[in-house]
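# A look at the structure
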Amino acid sequence: MKKIYLYLLTVLFLTFSQINVSFSQPRFIFSVTAGFSLPVGDFKNGIASNDTVPEAWPYLMRNGYNIGVTGKYAVNKSRNINLVLDLNYNGFKNWGNIEQVPPANTSGSGTTVTASYEFIPKVAILNLSFGAQYSFKPKETFSPFAGLDFTANFFSGSFQTNPTSNFPRSQLKAETRFGIQVGGGADITFNNLFGGVFGIKYNLANLFAKGDYESDVTSQQIPLNDNSYANQSARNISYFQFYAGVTFNFGRLVPVK
């Protein structure tokens with residue numbers, strides 16, 4: 001009798017182990033992610049001591065971070081084609097010293113005193129995207145994927161010095177731009193409830209609806225100025241997004257035999 005019980009326990013253990021080792025992809029996956037964002041191209045520039053021209057400030061980024069949530073729904077029976085809705089927040093910043101001449105700050109001899117300040121420009125992009133992904137191995141616990149999304153990007157930001165100089169803290173005028181992002185990564189299934197995900201995306205945030213200097217900006221606002229005008233060429237705002245996170249699985253997981 002003990003041998004029969006031992007045999008049954010062994011069979012149950014092996015069956016349970018097999019179910020947890022390999023699943024078909026769930027119908028719906030919800031992900032929470034975070035990671036590192038890297039500006040590239042026109043969006044990434046160093047800060048020089050004479051960078052006091054406001055039109056250039058939104059393009060003096062160095063690095064950033066990202067946090068986001070993603071919903072992915074499998075639309076076909078084999079579950080290798082997924083519709084994806086994604087919301088991400090990317091915060092970028094830079095820091096460096098600039099030299100400024102305060103108008104009222106002069107020495108006793110009448111010589112203008114040049115002051116040095118730490119300049120801290122920041123740009124934030126709230127990214128809403130919708131697209132599709134293709135899973136290469138939806139019946140495996142490790143399932144690589146690639147995807148393409150259309151994006152709406154909402155810009156904000158601030159520009160300040162430390163300590164505060166004679167020009168006040170300025171805000172980036174709120175703007176909306178449209179673009180695309182491509183990416184790839186892998187879903188990892190731990191069990192029928194939880195999993196993990198990691199990947200990389202390339203986002204071209206202002207492919208459509210670029211704008212030039214707008215007359216409705218206030219004295220405390222800086223325009224995005226990404227369109228071509230006068231002697232300036234159009235500027236692209238692009239960045240890489242490296243991320244990892246946890247996933248929550250919904251829908252029946254079918255064990256792979």
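Residues numbered from 1 in each chain as written. Predicted model: local features only at pLDDT ≥ 70, side-chain atom pairs only at ≥ 80, totals over all residues. Heavy atoms only, no water.

### Considering the overall build of the protein
The helix and strand inventory of the protein stands at 1 helix and 11 strands. In the protein, the succession of helices and strands from N to C terminus is α-β-β-β-β-β-β-β-β-β-β-β. Going through the 257 residues of the protein one by one, you find that 41% of them count as buried. In the protein, once contacts between residues fewer than 6 apart in sequence are set aside, the share between residues at least 24 apart is 73%. Carbon and sulfur atoms form 64% of the exposed surface of the protein, whose accessible area is close to 13600 Å². (Helix = DSSP H or I, 4+ residues; strand = E, 2+ residues; numbered from the N terminus. Buried < 20%, exposed > 50% of the residue type's maximum accessible area, 1.4 Å probe, protein only. Contact = heavy atoms within 4.5 Å. Areas by Shrake-Rupley, 256 points an atom, 1.4 Å probe, with all protein chains shown as cover.)

### Thoughts on the confidence of the model for the protein
Low-pLDDT portions of the prediction should not be read for the details of their coordinates. For the protein, mean pLDDT is 80; residues scoring 70 or higher make up 75% of the total. For the stretch residues 103-110, pLDDT sits under 50, and the model shows 7 contacts to residues farther than four places along the chain or on other chains. (pLDDT = per-residue confidence, 0-100.)

### Describing the environment of Gly131
You can see Gly131 is positioned in strand β5 (residues 115-135). For the pair Gly131 and Asp86, spaced 45 residues apart in the sequence, the C-alpha separation amounts to 8.6 Å. Setting aside residues up to four positions removed in sequence, Gly131 forms contacts with Asn82, Leu83, Val84, Leu148 and Asp149.

### A closer look at the packing of aromatic side chains
Throughout the structure, instances matching the rule amount to 12 aromatic pairs. Across from the ring centre of Phe145, 4.3 Å away, lies the NZ or CZ of Lys72, which sits over that ring. For the cation-ring pair, Lys201 lies above Tyr243, with the distance from its terminal atom to the ring centre recorded as 5.2 Å. (Phe/Tyr/Trp six-rings, centres within 6.5 Å; stacked < 30°, edge-to-face > 60°. Lys NZ or Arg CZ within 6 Å of the ring centre and 35° of its normal.)

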